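Geometric and topological summary
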Amino acid sequence: MENGLESTGDSRLDLAVTQWLKYDKNPKTAAAVRSMVKDRAMSELQKCFGARMEFGTAGLRAAMGPGVSCMNDLTIIQTTQGFCAYLEQCFTDLKQKGVVIGFDARAHPPSGGSSKRFACLAASVLISRGVPVYLFSDITPTPYVPFTISHLGLCAGVMVTASHNPKQDNGYKVYWANGAQIIPPHDKGIAAAIEQNLEPWPKSWDTDGALQSSLLSDPYQEIHREYCKTIQQHCFHRELNKNSEVKIVHTSVHGVGHIFVQAAFKAFDLHPPYAVEQQKDPDPEFPTVKYPNPEEGEGVLTLSFALADQEGATVILANDPDADRLAIAEKQESGQWRVFSGNELGALLGWWIFQCWKLQKGEGKASIKDVYMLSSTVSSKILRAIAVKEGFHFEETLTGFKWMGNRARELMDQGKNVLFAFEEAIGYMCSPAVLDKDGVSAAAIAGEFVSYLASKNITLSHQLRSIYEEYGYHISKNSYFICHNQDTIKQMFERLRNYDGENSYPKECGGFAITAVRDLTTGYDSNQPDNKAILPTSKSSQMITFTFANGGVATIRTSGTEPKIKYYTELCAAPGNSDLNQLKTELDNLVDAIVEHFYQPEKNNLTPRPE
């Protein structure tokens, strides 16, 4: 092998390593690869060079470290070269408009990688081709990138973040000119362009030159100011906010959120929330939590509960590390804390934003026909129930904010008013200024909502109950089984498609009658006149939704990033049916039947979700 290294005995691996060492100018990753070859650490080499990270609609997400399967200086350069080449094909005005790049606070000292370093390299690649780059000079929340695209009218954006993943991971998230995350076919187009541009261009490594270039500008001050100004259009109770006695705790879980949520509260004239001191400053080690993910609920909120109890606060707001998600907890009369699910928060925020719209518009019926709310197909159908009663439109999209953001943009281009979109994974789009989930504006809006309720002596829990009593209880139960065997997963779904003979789906499950089936893997939907699904279908992932005669809905799907077969179930009761215990028992029985008859965990050797 070249570079004076002995052969590994695997010619394909030798070729990959030789090419890597020819291209990689990062001394730490290059030294790590040399040392693996020298020590004949074959399993490590296979892991690093076995397969290149796959570029999908979510961009890239992987561990930081050496090799083509990891996030590092060279793979960032290669990815950005492909992205740049694809943008050159798509936009004739790329060199006039340019691209925005943001980053979070992640860092991996062993490989010399960090979000800021990766962002500077991406800027360097684009500038070397004459593309203007708006590179934030400091960490920002993820929503600032799509906001900047829309505000400045740019061609695209990149956010370097791994959101709430473990500390060793990083990611490269891509937004299009419409301000939303990319959807097909852009992912395939960019992936193909990456493969054609693997050799670093002459100036790709020259970050010093790029940082001196006249093509580089820092949008930080302007965008922060404009964002805080823009979200004020969603503030409806400024006087009440100024005088509110409510005490709120906020944690940014060692991520970027602290200063931005403080600024958003100030923009709404809300008293600043109490910050959890041990977690307010960015720290790539995430020292106080096992996983930096507020979806994990109580473990992440332990320090928040302690601070709230100390200060007499009744509500906790928690962002994930890149501040695009928001979790909320409230102290109950019993003294216990209740952490709301993403679906419950979708009901609360959706209801509140509609009330604010009514207040702003008066009761004019003329414009309600142009009002829309969206949620993903695995999220609660509560917005549908509110829409039916109140007269606005509700649409569901495929899972993920890339679909909701793109659909929102289409509707806005038709003159529609998209008030709100959400997904059960604690993601909320409360302002059309950001066509993605945004935990900063959601925090300020939640702060005003809590203050308003407190002025009427109502808690979030009470308000949620009122919503369910008015529009019908929507109770959900979501979980998953772990399965590492792809054949087992495939057989499980094929059995459901050929349940009573060929091409026939189940008509019942453990005594629960099934009234409709939608299969977004094959494109079948029994509810449509021609049995063809309206939502986009994808052969590469499994997803079947069953509707039951009792008002239950269950979606079974595979995860794109983890070895999980997930289920999302919800029982939608008619308004007036408020026997909550009976509804919960019925949903538990339905879930048990689905697990027993459709999952067959013993036969399929599935591992239940760890408690």
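A quick note: this is a predicted structure, and the numbers were derived from the prediction, not measured. (Residues numbered from 1 in each chain as written. Predicted model: local features only at pLDDT ≥ 70, side-chain atom pairs only at ≥ 80, totals over all residues. Heavy atoms only, no water.)

1. Some points on the overall build of the protein
- When helices and strands are tallied, the protein shows 21 helices and 25 strands.
- Taking 25 Å as the expected radius of gyration for a compact globule of 611 residues, we find that the protein reaches 25 Å, a close match to that expectation.
- The principal-axis extents of the C-alpha atoms in the protein amount to approximately 75 × 65 × 50 Å.
- In the protein, which comprises 611 residues, the share counted as buried stands at 58%.
- Within the protein, counting contacts between residues at least 6 apart in sequence, those at least 24 apart form 69% of the total. (Helix = DSSP H or I, 4+ residues; strand = E, 2+ residues; numbered from the N terminus. Rg over C-alpha atoms; globule rule 2.2 N^0.38 Å. Buried < 20%, exposed > 50% of the residue type's maximum accessible area, 1.4 Å probe, protein only. Contact = heavy atoms within 4.5 Å.)

2. Comments concerning the pairing of strand β2 (residues 99–103)
- A large share of β2 lies buried, amounting to five of its five residues.
- The alternating pattern of β2 places V99, I101 and F103 and V100 and G102 on opposite faces, both of which are buried.
- Bridge count between β2 and strand β5 (residues 133–135): three bridges; the pairing is parallel. Bridge pairing in β5 links V100 to Y134.
- In this sheet, strand β6 (residues 156–160) lies alongside β2 in parallel orientation, the contact comprising five bridges. (Pairing = 2+ DSSP bridges.)

3. Looking at the UniProt feature "domain: Alpha-D-phosphohexomutase alpha/beta/alpha" (unreviewed entry) in the protein
- In the UniProt entry, the feature "domain: Alpha-D-phosphohexomutase alpha/beta/alpha" (unreviewed entry) is given for residues 53–197, 226–331 and 343–471.
- Helix makes up 38% of residues 53–197 and strand 19%, with an end-to-end C-alpha separation of 15 Å. (UniProt positions renumbered as here; feature names shortened; annotations may be inferred.)

4. Section: the environment of L307
- Here L307 shows up in helix α13 (residues 298–311).
- Take L307: its relative accessible area is 14%, and that puts it in the buried class.
- In the structure, L307 is positioned 33 residues away from Y274 in sequence and 8.1 Å away in space, judged by C-alpha atoms.
- If sequence neighbours within four positions are ignored, L307 has contacts with V249, Y274, A275 and V276.

5. Topic: the sheet that holds strand β10 (residues 274–275)
- Strand order in this open sheet of five strands is β10-β9-β11-β12-β13, and the pairing throughout is mixed. Because the sheet does not close on itself, it has two edges, and the strands there are β10 and β13 (337–339).
- Set on the sheet, α13 makes contact with β9 (248–251), β10, β11 (315–319), β12 (326–331) and β13; between it and β13 the angle comes to about 140°. (Axes fitted to C-alpha atoms, helices over the stretch in contact; angles between N-to-C directions.)

6. Considerations on the environment of R465
- Here R465 is to be found in helix α18 (residues 460–471).
- Between the alpha carbons of R465 and S578 there is a distance of 9.5 Å; along the sequence they are 113 residues apart.

7. Considering the packing of helix α14 (residues 342–361) against helix α15 (residues 382–390)
- The contact between α14 and α15 brings their axes to 9 Å, and the two run at 25°. Comparing their axes, α15 and α14 come out roughly parallel. Taken as a pair, α14 and α15 cross one another with a handedness that is right-handed. Residues G346, A347, G350, W351, F354 and K358 of α14 form the contact with α15, whose own contacting residues are I382, L383, I386 and E390.
- Taken together, the residues of the contact of α14 with α15 sort by class into six nonpolar, two polar and two charged. (Parallel < 35°, antiparallel > 145°, perpendicular 65-115°, else oblique. Left-handed = near helix turned anticlockwise from the far one by under 90°. Nonpolar A, V, L, I, M, F, W, Y, C, P; charged D, E, K, R; others polar.)

8. A few points about helix α8 (residues 186–195)
- Among the residues making up α8, those that are buried are H186, D187, G189, I190, A193 and I194. Here the buried residues of α8 occupy an arc of 165° about the axis, which is enough to place them on one side.
- Where α8 is buried, its residues touch α4 (73–90). (Arc of directions from axis to C-beta.)

9. Re the nonpolar core
- Counting residues in each nonpolar core, the largest one holds 179 residues, and the members touching the most others are I101, F420, Y428 and I556.
- No other element matches α14, which puts ten residues into this core.
- Core analysis: the next-biggest nonpolar cluster, separate from the first, contains eleven residues, A180, M404, A421 and M429 among them. (Core = buried A, V, L, I, M, F, W, Y, C linked by side-chain atoms within 4.5 Å.)

10. Section: the environment of L359
- Along the chain, L359 falls in helix α14.
- Ignoring any residue separated from it by four or fewer positions in sequence, one finds L359 in contact with F236 and H237.

11. Examining the pairing of strand β23 (residues 552–558)
- The element β23 is extensively covered by neighbouring structure, given that seven of its seven residues are classed as buried.
- Along β23, one buried face is formed by G552, A554, I556 and T558 and the opposite face, lined by V553, T555 and R557, is buried too.
- In this structure, strand β22 (residues 543–548) lies alongside β23, joined through five bridges in antiparallel fashion. In the sheet register, M543 faces β23, and the bridge partner there is R557.
- What sits between the antiparallel neighbours β22 and β23 is a turn of three residues, in which G551 has the positive phi angle 95°.
- Bridging between β23 and strand β24 (residues 564–572) involves seven bridges; their strand directions are antiparallel. Each residue of the ladder has a partner; that of G552, found in β24, is L571.

12. With respect to the pattern of salt bridges
- Per the stated rule, a full pass over the model turns up 29 salt bridges.
- Linking R238 and D269 is a salt bridge whose minimum nitrogen-to-oxygen distance equals 3.0 Å. One end of the pair, R238, is in helix α11 (residues 238–243); the other, D269, is in the loop between α12 (257–267) and β10, and 31 residues separate them in sequence.
- Judged by relative accessible area, which is 25%, R238 ranks as partly exposed.
- In this structure D269 comes out as partly exposed when scored by relative accessible area, which is 28%.
- With a closest N to O distance of 4.0 Å, E390 and K358 form a salt bridge. Placement of the pair is E390 in helix α15 and K358 in helix α14, with a sequence separation of 32 residues. (Salt bridge = Lys/Arg side-chain N within 4 Å of Asp/Glu carboxyl O.)

13. Observations concerning the packing of helix α7 (residues 144–152) against helix α10 (residues 220–230)
- Running from N to C, α7 and α10 cross one another at 90°; their axes reach a closest spacing of 11 Å. One finds that α7 runs roughly perpendicular with respect to α10. Together, Y144, F147, T148, H151 and L152 of α7 and E222, I223, H224, E226, Y227 and T230 of α10 make up the contact between the two elements.
- For the contact of α7 with α10, a count of residues per class yields five nonpolar, four polar and two charged.

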